[in-house]
Amino acid sequence: MTWRTLLVTLPEPGTVVDVDGQLFSCIKIDELRKAGGAKVPVAVWRSKCAECGAEFFTRTATSSNGPSRRCRRHRHGGAHVASGPSRPVNVRLISPANPNRQLEKIQ
Ligand SMILES: [Zn+2]
């Protein structure tokens, strides 16, 4: 299971996803204003940095390949958290049973 196949639409707040043992809790749905004024709904996630364990927040849009795994201090542009030699990242849903229930009010 990848992030993209698990979260086809935005999750509901309260959704918890396990990314290779790192938990991400969706705390709310927010809007990101793009250059040009278009608004894009994004999920805001709370997690703990894969490097230092500090709590941090990150956002994903529906087209995302997955959330950032590290806090602002430890985020290196484009560097992935080591997960062994070419091992695919294992994404698993903790709760609820169906994260892709439509969020009518934002779509
Ligand atoms: Zn960190």
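Conventions used here
Residues numbered from 1 in each chain as written. Predicted model: local features only at pLDDT ≥ 70, side-chain atom pairs only at ≥ 80, totals over all residues. Helix = DSSP H or I, 4+ residues; strand = E, 2+ residues; numbered from the N terminus. pLDDT = per-residue confidence, 0-100. Contact = placed C-beta atoms within 7 Å. Core = buried A, V, L, I, M, F, W, Y, C linked by C-beta atoms within 7 Å. Buried ≥ 20, exposed ≤ 12 C-beta atoms within 10 Å, placed from the backbone.

1. Some points on the environment of R4
Argument step 1. Mapped onto the elements, R4 comes out in helix α1 (residues 3–6).
Argument step 2. Along the chain, R4 and G66 lie 62 residues apart, while their C-alpha atoms are 7.2 Å from each other.

2. Here's the deal with the confidence of the model for the protein
Argument step 1. Here the protein shows a mean pLDDT of 83. Residues at 70 or above account for 79%.
Argument step 2. Model confidence for the protein, summarised as mean pLDDT per element, is weakest for α1 at 86 and strongest for strand β4 (residues 55–60) at 96.
Argument step 3. Confidence drops under a pLDDT of 50 for residues 102–107, and excluding neighbours within four residues, the segment shows seven contacts in the predicted structure.

3. Thoughts on the nonpolar core
Argument step 1. Listed in full, the seven residues of the largest apolar core are L10, V17, V19, F24, C26, A43 and W45.
Argument step 2. At the level of elements, β1 (16–19), β2 (22–33) and β3 (39–48) are the ones that each hand at least two residues to this core.

4. Some words on the environment of F56
Argument step 1. Mapped onto the secondary structure, F56 falls in strand β4.
Argument step 2. On the basis of neighbour count, F56 is assigned to the buried category, with 21 C-beta atoms found within 10 Å.
Argument step 3. Beyond its immediate sequence surroundings of up to four residues, F56 is in contact with S47, C49, C71 and R72.

5. With respect to unusual backbone geometry
Argument step 1. In this structure, D20 is a non-glycine residue whose phi angle is positive, near 50 degrees.
Argument step 2. Residue position: D20 is located in the loop between β1 and β2.

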